[in-house]
Amino acid sequence: MKVLFICLGNICRSPIAEAVFNYTLNQRGIEDWEVDSAAIGEWHIGNSPDFRARGTMKKHNIPMNHKARQVKKADFTHYDYIFGMDHDNIDDLKDLCPSNGTAKIEMFGSYDPKKELIIRDPYYDDGDAGFQKCYEQCIRCSEGFIDAVAK
Ligand code: 4NP
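This text gives an overview of the structure that appears in the document.

What counts as what
- Residues numbered from 1 in each chain as written.
- Predicted model: local features only at pLDDT ≥ 70, side-chain atom pairs only at ≥ 80, totals over all residues.
- Heavy atoms only, no water.
- Axes fitted to C-alpha atoms, helices over the stretch in contact; angles between N-to-C directions.
- Helix = DSSP H or I, 4+ residues; strand = E, 2+ residues; numbered from the N terminus.
- Parallel < 35°, antiparallel > 145°, perpendicular 65-115°, else oblique.
- Left-handed = near helix turned anticlockwise from the far one by under 90°.
- Contact = heavy atoms within 4.5 Å.
- Nonpolar A, V, L, I, M, F, W, Y, C, P; charged D, E, K, R; others polar.
- Buried < 20%, exposed > 50% of the residue type's maximum accessible area, 1.4 Å probe, protein only.
- Pairing = 2+ DSSP bridges.
- Right-handed = clockwise from strand over helix to strand, strands pointing away.
- Salt bridge = Lys/Arg side-chain N within 4 Å of Asp/Glu carboxyl O.

Examining the packing of helix 1 (residues 13-27) against helix 5 (residues 129-149)
In step 1: Contact geometry of helix 1 with helix 5 gives a least axis separation of 9 Å together with a crossing angle of 45°. Relative to helix 5, the element helix 1 lies oblique. The chirality of how helix 1 crosses helix 5 is right-handed. Of the residues in helix 5, those in contact with Arg-13, Ile-16, Ala-17, Val-20, Phe-21, Thr-24 and Leu-25 of helix 1 are Phe-131, Cys-134, Tyr-135, Cys-138, Ile-139, Ser-142, Glu-143, Phe-145 and Ile-146.
In step 2: Taken together, the residues of the contact of helix 1 with helix 5 sort by class into 12 nonpolar, two polar and two charged.

And the structure:
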């Protein structure tokens, strides 16, 4: 299984989703899945995640090692699932998807057992509460998706 997480900048939500998803796979002893994250925009290419994202992962002892990259055409044939965090991400992904794209493009939040669909952008927040909330949503959605496909 190959899974790609997308958000606008690839420095807040999608690297958290990637890290939490890898952590959840590891906890369940699932190996050999390919997991990555990428941006819609090009602003932060090559950058590490936001310090609040890194701090939140550190607090929960979840390894995070990512440099931002932008989504590319080949991703739409390489990955089985491409997950967006909000409706804007999904609209952008559908616009960017080439005609031969095979990846399923879905909201990551659609796998939340608590049905919180949108993982909102915490980048412009003052503190790190939005990052903690993003982490909690990603834990639930990772469990929900793995339960849905790995049975
Ligand atoms: P993310 O947050 O999409 O969760 O990584 C953002 C990070 C940067 C920007 C927007 C959203 N930005 O406009 O620079």
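What to know about the pairing of strand 2 (residues 34-39)
In step 1: Burial analysis of strand 2 places five of its six residues in the buried class, which makes it a mostly covered element.
In step 2: Of the strand pairs in this sheet, strand 1 (residues 2-7) and strand 2 are connected by six bridges, and their pairing is parallel. Considered in strand 2, the bridge of Lys-2 is made with Glu-34.
In step 3: Handedness of the crossover joining strand 1 and strand 2 through helix 1 is recorded here as right-handed.

A short note on the pattern of salt bridges
In step 1: Counted according to the given criterion, the structure contains 12 salt bridges.
In step 2: Residue Arg-69 is joined to Asp-36 by a salt bridge in which the shortest nitrogen-to-oxygen separation is 3.0 Å. Of the two residues, Arg-69 is situated in the loop between helix 2 (51-59) and helix 3 (75-78) and Asp-36 in strand 2; the sequence distance between them amounts to 33 residues. No difference in accessibility class separates Arg-69 from Asp-36, as the two residues are buried.
In step 3: Here Arg-120 and Asp-125 are joined by a salt bridge, their closest N and O atoms 2.8 Å apart.
In step 4: What you see here is one network of salt bridges that share partners, running through Asp-36, Arg-69, Lys-72 and Asp-75.

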